Amino acid sequence: MDDLWSDTDAGAMVAAYGDLGHRVYTSRLLGADPALVLHGGGNTSVKIRKSDTLGDEVDVLCVKGSGWDMASIEPAGLPAVRLEPLRALRALDRLSDEDMVNVQRLNLLDSTAPNPSVETLLHAFLPHSYIDHTHATAVLSITDQPDGPARCAEVFGETMALVPYIMPGFALAKAAADVADAHPGVEGLILLKHGIFTFGDTAREAYGRMIAQVSRAEVYLARGPRKTFKSAALPAKPRSPHHIAPILRGLTSLPLDGGAGLYKRFILDFRGGDAVRAYVDGAELERYAKIGVVTPDHTIRTKNTPLILPPADGDFEVRAKAALADYVADYQAYFARHDSGQTALDPMPRVLLAPGLGLFGAGPTAKAARIAADIAENAIAVIADAEAIGSFVSITEAEMFEVEYWSLEQAKLGRGPSAALAGQVAVITGAARGIGAATARAFAEQGAEVALLDLDGDAAVETARDIGGLGLACDVTDAGDVKSAIDRACGHFGGLDILVSNAGAAWQGRMGEVGDDVLRRSFELNFFAHQSVAKAAVAVMLAQGTGGCLLFNASKQPLNPGPDFGPYGLPKAALIALMRQYAVDYGGDGIRANAVNADRVNTGLYGDGMLEERAQARGLTVADYLAGSNLLKREVKVEDVAQGFVSLALANKTSGAILTVDGGNIAAAPR
Ligand code: ZN
């Protein structure tokens, strides 16, 4: 492990952040290395003097605040807490979590600062100026052993003192401080089955010790054999991850209201690298994967154990369903064994191991799924190295329960997503710009994960980056292209729940004169492409078995034809029939189909003077055409159409309907 300290960079941080400069600098260095710190799995502090409101200098502990990522931490992420009131707590025999949090918040210099880390008291009770804490992968491989203490003594010698496993909080802080007092001169502490603390008079010293001590662990592990798991016999041609993901999403969905078609759904994040494959393909997977977490705070992200899936062939659905039912029953029994008045969390796995394929992280959002998958990969690294030198052991089931149901750990997850479309995946076609881009943004704002498909792949990627979604190139008139784009969206998010089939373009011509080629081109894009996309989406929705929502951009033309616009209107009329047919054919599967009739929206659809021509065809100026002629006298914007799509996605009992977004036009009202 390389020591990345640079005097130049450290100096620049001091110039930017003053007396917290070095603290910010090494926190970021530690946070940027996933072998040390992963998703909130570490913290740092510094003890300095600061002025309070009266201008008096007080001793404070600036310690990582919850919700901050160490890799990108700023001074605001290191809230200052008065040090003496924290230290005074060490005299107590016990302290409730509520009282601990209360004292920490009461002594913040800034009342609006985030909650200091759950390990704040440990930092406060130790005397050192700079303290670094990580859950270093290499250290965990050595402490998570039946003979972990003896191995640590061999690796770290007298330079580090050992603290037995205790759940984070007041009791651990006291125990760690007692151990440190009994071993003056050590460079840090090894917290068995948890992680490592190093300390020093300067940021340079604490950081340098962290790197040096973790390097010792790495050298020790490198001396042993590389772990190769003996592979199980697996199907030669398993189904692909994007094929089984929708099945798993469906199985893990939790009905919310007793059958009205609403579900708590999970997003899935797939990983299939070599290290993951070696682990999940192992013949002994059942043994080593179910031992427990590698460090306690992983349990809130991954639960204590993963779901092990059957091989992805044959009657996978049936066997996966049975495996999940066993997992749920085991979780409920585990809760019942330890329940002392807590509310049970949902029993669904957060990590699903797929022998022959890889693993899926699961979470209520794409971000949570990614975190679960990252942590699962990290746990695999720890367990593989631990098994190479000995045998991996975890904390006890009771200790895992204590952490999983600790209110301060659950607080790290926040209250969970509350947006209306959280956990749902929406695929939008023609999404790089105009109505499609506005619609993708509107769905993302409602909490949906969005995949943006567009003929212009680069533009789709750019718009997706802006919104926070997945951008994909897709020619919707090519059924093969559609299939592969939907597969990629499923591979990325685990499935799809909402389709907004929006891509389209306008062709003009008088019916008696227009060429068949023009009409056929328009039918390819404005009818058959919608059918290809809907067909591919419905296949995924049926695999999930949790209903779905098909939305089509129909336009006004089929309801109130304008002159010389037949080439555009005819396929759109067929599109409305298509929407109704999907509503009829798949209503029994909980799949709804609806359309938006938007009119006179100024989008890229009207290229090359077509807007002027359409206005002229109606005997209007462009301004009147866009706004002046509707009942509300308001120009309809792309955001209004996007809102129409969102409204239909939320209208859980509506199917086969056309929602008009045109500012009011009685002549175009469906009749
Ligand atoms: Zn920790």
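Residues numbered from 1 in each chain as written. Predicted model: local features only at pLDDT ≥ 70, side-chain atom pairs only at ≥ 80, totals over all residues. Heavy atoms only, no water.

**With respect to the domain arrangement of the protein**
You can read the domains of the protein as domain 1 (7-222), domain 2 (241-411) and domain 3 (425-662). For domain 1 and domain 2, the distance between their C-alpha centres works out to 29 Å. The interface is formed by 26 residues belonging to domain 1 together with 27 residues belonging to domain 2. Considering only the surface of domain 1 that becomes buried against domain 2, His-39, Tyr-165 and Met-167 emerge as the three largest contributors, covering 26% of it. Counting across the domain 1 and domain 2 interface gives zero salt bridges. Put simply, domain 1 and domain 2 have 10 residue pairs in polar contact (both at pLDDT 80 or more) between them. Elements that contribute at least two residues to the side of domain 1 that touches domain 2 include exactly α4 (97-106), α6 (137-143) and α9 (203-223). It is α6 that provides the largest number of residues to the side of domain 1 that touches domain 2, a total of four residues. Of the residues belonging to the side of domain 1 that touches domain 2, the class tally is 13 nonpolar, nine polar and four charged. (Domains from an automatic or database assignment. Contact = heavy atoms within 4.5 Å. Buried area = accessible area lost by both parts, 1.4 Å probe. Salt bridge = Lys/Arg side-chain N within 4 Å of Asp/Glu carboxyl O. Polar contact = N/O pair within 3.5 Å; in protein donor to acceptor, adjacent residues only side chain to side chain. Helix = DSSP H or I, 4+ residues; strand = E, 2+ residues; numbered from the N terminus. Nonpolar A, V, L, I, M, F, W, Y, C, P; charged D, E, K, R; others polar.)

**Focus on the coordination of the zinc ion**
Of the protein atoms, only Glu-119 (OE), His-133 (NE2), His-135 (NE2) and His-194 (NE2) coordinate the zinc ion, at distances of 2.1 to 2.6 Å. One way to put it: the four donor atoms around the zinc ion meet at angles of 80 to 165°, and that makes the site irregular. Taken in chain order, the donor set of the zinc ion reads E-x13-H-x1-H-x58-H. Grouping residues by exposure puts His-133 and His-135 together as buried. (Donors = N, O, S within 2.8 Å, 3.2 Å for Na, K, Ca; no water. Tetrahedral: all angles 85-135°; square planar, octahedral: opposite > 155°, others 65-115°. Buried < 20%, exposed > 50% of the residue type's maximum accessible area, 1.4 Å probe, protein only.)

**Section: the packing of aromatic side chains**
Within this structure, the stated rule accounts for 15 aromatic pairs. Ring centres of Phe-229 and Tyr-288 lie 4.4 Å apart, and the angle between their planes is 35°; on these two criteria the pair is classed as tilted. Taken together, the residues span a long stretch of sequence, with Phe-229 in the loop between α9 and α10 (241-252) and Tyr-288 in helix α12 (residues 285-288) at a distance of 59 residues. Given the relative accessible area of 13%, Phe-229 is considered buried. Residues Tyr-331 and Tyr-334 carry aromatic rings whose centres are separated by 5.4 Å and whose planes lie at 55° to one another, so their mutual orientation is tilted. Placement of the pair is Tyr-331 and Tyr-334 together in helix α14 (residues 316-338), with a separation of three residues, close to one helical turn. In this structure, Tyr-331 and Tyr-334 share a single accessibility class: buried. Grouped by ring-pair contacts, the aromatic residues Tyr-331, Tyr-334, Phe-335, Phe-401 and Tyr-405 constitute a single cluster. (Phe/Tyr/Trp six-rings, centres within 6.5 Å; stacked < 30°, edge-to-face > 60°.)

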